[in-house]
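An overview of the molecular structure
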Amino acid sequence: MALHLFNSLSRRIEEFVPIEPNRLGPDGRPYVGLYCCGPTVYDYGHIGNFRTFVFADLVRRHLDFRGYSVRAVMNITDVEDKIIRRVRESGRPLHEFTRTYEDAFLGDLKILNCLTGEMPRATEHIGDIIALIQKLEQRGLAYKTADGSMWFSIDKYQGCGCRYGVLKTIDFSQMRAGERVAADEYEKEAAADFALWKARVPDDGEVAWDSPWGPGRPGWHIECSAMSMALLGPSFDLHLGGEDLAFPHHEDEIAQSEGAAVQTEGHPFVKYWLHGSHLLVEGKKMSKTLGNFFTLRDLTSKGFGGREVRQLLLSAHYRETFNFTLDGLAGARSALTRIDECIDKLTQLAGGESASADKGLVDAFTEAMDNDLNVARAWGIVFDWVRETNRQLASKTLTPVQAASALAAWKQIDTVLGLGPRPESEVPAALLALAQERVAAKKARDFARADQIREQVRAAGWMIEDTAAGPKLKPLSP
Ligand code: AMP
Ligand code: ZN
């Protein structure tokens, strides 16, 4: 089966065929261009945001696994309404303010083992943004208001035979001609002319650039149109984001990019639009506004690792909402322990043997993921395999070569899941120090202290296992 993905444009699952099927990437494999709307760097991201970014990472990893050469771009939104407000409140210069959160974001991506690609910043593409607005102006789709702001005319766009409302059905009877919306984020379905360039106002402080229309700053939507096309060309394969971005952000991106008519005849701006569903907390979207959020820092300070958060975020299909709970995270910990223990035993049995990957296992996993990234099925395959492998290990019916073949298959599968090996560093440093202190206590025959440390470590959710190579810490299964 070929790879199939749900395309928000057609609202159905379609076979994935690159927009330029004969184009090859630098490594000689078929080329795919992928853009994911990146973070707005005004605060630490919450794990709802990271559900979307881990989903984008999964798409990219699966495309790579299926033989594509992926050029992955994720922008950094480093100027928009919320940022300007926070810059004003903080009294810090724009770049200094945004860099703090950009660095935190990159650190979080690393903790979650997300691959990074090109990450253009909006403030470094002001020239491309202005050029794109000028194209829209030349085509009669952009107009200026007295204050020096530029707007996108939905009426004129529709008049050119283009359709506004391809990702969301718009009720045009609610729309008053010429009505404008200045905010970067606005009400759903409230179609109105939106800002391409916002004239400088006193509240903007130092945040302004010169333009043919006077000093100002770009609207959020035009930033993504300009950056994606600057790096990936006027037409590319995949555009990703969370479901809340479909309207108005992505709808506006399509209108601006196709309105500029820079694509070759018959080619869309983007062939496949993929949207990830929200992470919920007690049935409500995890969001800064509702205050029901956890940052990655919140969870690591509770002793959870990035790998556990990643496993949890990847446990549900990307088009299904799911509730975040700490119990769910503890479940991810025990799921990983089951996999890790099986891999440990297979590694011991395989010794130095090498073998080609167990094709049955890899094929079953591939088929599940090719079906619109059916992770529920894929995890089912992984855990059935773990159970069956444990049974064979217990009954000693597995040979070293078979163990090596299973390990080779897992290695391939994990290029997609991205869990990586159990990192020793995920054990909190304080606990590692306690484990060492316990070794010293036992040497000194201070068994009371050694037991006390064991209990202390256990209370923190870890178990000390004494091995020939020294103490090993394992997370306690809940
Ligand atoms: P922002 O930094 O606010 O621009 O958001 C970054 C990404 O996170 C966007 O793709 C949003 O759609 C996504 N997002 C925001 N909240 C959630 C959530 N609760 N669950 C999943 N994705 C989310
Ligand atoms: Zn965007």
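Just so you know, these numbers come straight off a predicted model, no measurement behind them.

Bringing the site of ligand 1 into the picture now. Within the structure, ligand 1 sits among 16 residues, and Gly48, Thr52, Asp244, Leu279 and Met286 are positioned closest to it. Between Thr52 and ligand 1, the recorded distance is 2.7 Å, taken from a side-chain N or O atom to a nitrogen atom. Notes on ligand 1: free accessible area 500 Å², of which the protein chains cover 92%. Elements that contribute at least two residues to the shell around ligand 1 include exactly helix 1 (47-65) and strand 10 (236-242). Of the residues forming the shell around ligand 1, the biggest block, 4 residues, is contributed by helix 1. The residue makeup of the shell around ligand 1, split by class, is 5 nonpolar, 9 polar and 2 charged.

Take the domain arrangement of the protein next. When cut into domains, the protein gives domain 1 (4-276), domain 2 (281-417) and domain 3 (429-475). Placing the centre of domain 1 and that of domain 3 at their C-alpha centroids yields a distance of 51 Å.

In this section: the pattern of salt bridges. All told, the structure shown has 37 salt bridges when counted by the stated rule. Between Arg438 and Asp466 there is a salt bridge whose closest N-O contact spans 3.3 Å. Of the two residues, Arg438 is situated in helix 14 (residues 429-443) and Asp466 in strand 15 (residues 462-467); the sequence distance between them amounts to 28 residues. Residue class for Arg438 comes out buried when judged on its relative accessible area of 3%.

We now examine the environment of Ala355. Turning to its location among the elements, Ala355 is positioned in the loop between helix 10 (326-350) and helix 11 (359-370). Measuring from C-alpha to C-alpha, the distance between Ala355 and Asp108 comes to 35 Å, with 247 residues separating the pair along the chain.

Counting buried positions along strand 10 gives 7 out of 7 residues, so the element sits mostly inside the fold. Looking at chain direction, strand 3 (residues 31-36) and strand 10 are connected through 3 bridges and run parallel. Note that in strand 10 the partner of Leu34 across the bridge is Leu238. Pairing between strand 10 and strand 11 (residues 270-276): 6 bridges, direction parallel. Residue pairing across strands places Phe236 opposite Val270, the latter belonging to strand 11.

What follows concerns the sheet that holds strand 13 (residues 284-285). Strands sit in the order 13-12-14 across an open sheet of 3 strands; the sheet is mixed. Of all the strands in the sheet, the pair left with one neighbour each is strand 13 and strand 14 (322-323).

What follows deals with the nonpolar core. The nonpolar side chains of soluble globular proteins are, as a tendency, buried together. Membership of the largest hydrophobic core comes to 136 residues, with the highest contact counts inside it found for Leu63, Tyr164 and Leu238. When residues are assigned to domains, this core turns out to be shared by domain 1 (4-276) and domain 2 (281-417), each giving three or more. Not counting residues up to four positions away in its chain, the partners in contact with Leu238 are Leu5, Phe16, Val32, Gly33, Leu34, Tyr35, Leu63, Val270, Tyr272 and Leu274. Leu434, Ile453, Trp462 and Ile464 belong to the second-largest nonpolar core, a separate cluster that totals 9 residues.

Checked against the element boundaries, Asp184 lands in the loop between strand 7 (180-181) and strand 8 (193-199). Here Lys198 takes part through its side chain, which lies 3.0 Å from a polar atom of the side chain of Asp184. Within the structure, the side chain of Asp184 is placed 3.0 Å from the backbone nitrogen of Trp220, a separation counted as a polar contact. Among all residues touching Asp184, those that are not within four sequence positions of it are Glu80, Asp81, Lys198, Arg217, Gly219, Trp220 and His221.

Thresholds, definitions, all that
- Residues numbered from 1 in each chain as written.
- Chains lettered and ligands numbered in written order.
- Predicted model: local features only at pLDDT ≥ 70, side-chain atom pairs only at ≥ 80, totals over all residues.
- Heavy atoms only, no water.
- Near = heavy atom within 4 Å.
- Polar contact = N/O pair within 3.5 Å; in protein donor to acceptor, adjacent residues only side chain to side chain.
- Areas by Shrake-Rupley, 256 points an atom, 1.4 Å probe, with all protein chains shown as cover.
- Helix = DSSP H or I, 4+ residues; strand = E, 2+ residues; numbered from the N terminus.
- Nonpolar A, V, L, I, M, F, W, Y, C, P; charged D, E, K, R; others polar.
- Domains from an automatic or database assignment.
- Salt bridge = Lys/Arg side-chain N within 4 Å of Asp/Glu carboxyl O.
- Buried < 20%, exposed > 50% of the residue type's maximum accessible area, 1.4 Å probe, protein only.
- Pairing = 2+ DSSP bridges.
- Core = buried A, V, L, I, M, F, W, Y, C linked by side-chain atoms within 4.5 Å.
- Contact = heavy atoms within 4.5 Å.

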